[in-house]
Amino acid sequence: RLFVEQPLGPGQIRIEGAQAHYLVSVMRTKVGDPVKLFDGVSGEWLGVASMVGKRDLLLDVTERLREREHVPDLWLCAAPLKKGRVDWLVEKACELGVARLMPTLTRRTVVDRLNLERLRAHMVEAAEQCGRTAVPDLAEPVKLSGLLRDWPEDRTLFFADEAGGVPALAAMQAGGAAAAILIGPEGGFDDAERDAIRALPQAIGISLGPRILRADTAAAAAVSLWMAAKGD
Ligand code: SAM
């Protein structure tokens, strides 16, 4: 399966660069071979290789195989983590079906520079692997204060609060269809941040159990619970 940035429809497309290398050298694509394509907007299409060069291919896009998926309306607001962990987090967020990923900068966020290009490439790879026909939006990093200031009226913010939230699943089942999950950094939220989050009318502190989870574990657990409760 291949994600292509260009809008898909019946016709011919050229594949070059790393994607061509993957099809030609890794997948050993031959003329006549089928390739599943998606552009994140119009669903999944069937392409058939009509020319296979050393560095590029031509694919005849013939039919739409699947409509674009319905994406459950869940945002994941997570403090950026160290390289390996944030890569894992964005990959799992994509596999688990989130609509949008919002890197949220908190006082104890240890990462100062986020490579959004790299994170988006990880999400595209995860979408190709898990069969999604949509790739989550990756927002520009935002400060927690800004996130709370501009919070949308109609969206519940489940914030993972190891210091005393309510049981997550019941709270999520009772919540609306538009939701977000907020996860702190490795060092957690500080008291002022916790108070500011709690002051948001749409915020509900949720507990993910009595143990202190790593932030990436907490993100995957909370998204899984929400998908079990409300995802479709
Ligand atoms: N305060 C933690 C400590 O004492 O080590 C540090 C934060 S924890 C490693 C990272 C984040 O994961 C927290 O900010 C919180 O959002 C989430 N988290 C971890 N365990 C949790 C739990 N049992 N319930 C809810 N959220 C949890």
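Since this is a predicted model, take the numbers as computed values, not measurements. (Residues numbered from 1 in each chain as written. Predicted model: local features only at pLDDT ≥ 70, side-chain atom pairs only at ≥ 80, totals over all residues. Heavy atoms only, no water.)

Draft legend 1. View of the sheet that holds strand β2 (residues 11-15). The strand order across the open sheet built from five strands is β1-β3-β4-β5-β2, with neighbouring strands paired in mixed fashion. Two strands lie at the open edges of the sheet, namely β1 (2-3) and β2, each paired on one side alone. Relative to strand β5 (residues 57-66), β2 is paired through five bridges, and the arrangement is antiparallel. Residue pairing in the sheet places I15 in a bridge with L57 of β5. (Pairing = 2+ DSSP bridges. Helix = DSSP H or I, 4+ residues; strand = E, 2+ residues; numbered from the N terminus.)

Draft legend 2. A look at the site of the ligand. Lining the immediate environment of the ligand, one finds 18 residues, of which A160, E162, L208, G209 and R211 sit closest. In the model, a nitrogen atom of the ligand is placed 2.5 Å from a nitrogen or oxygen of the E162 side chain. G184 is positioned such that a nitrogen or oxygen atom in its backbone is 3.0 Å from an oxygen atom of the ligand. For the ligand, whose free accessible area comes to 570 Å², the fraction covered by protein is 83%. Tallied by class, the residues present in the shell around the ligand amount to nine nonpolar, five polar and four charged. (Near = heavy atom within 4 Å. Polar contact = N/O pair within 3.5 Å; in protein donor to acceptor, adjacent residues only side chain to side chain. Areas by Shrake-Rupley, 256 points an atom, 1.4 Å probe, with all protein chains shown as cover. Nonpolar A, V, L, I, M, F, W, Y, C, P; charged D, E, K, R; others polar.)

Draft legend 3. Region of the structure containing the side chain of T133. Here T133 lies in the loop between α3 (116-130) and β8 (137-138). Classification of T133 as buried rests on a relative accessible area of 1%. Apart from the residues within four sequence positions on either side, T133 is in contact with R1, F38, G40, V41, G43, E44, R66, E67, R68 and E69. (Buried < 20%, exposed > 50% of the residue type's maximum accessible area, 1.4 Å probe, protein only. Contact = heavy atoms within 4.5 Å.)

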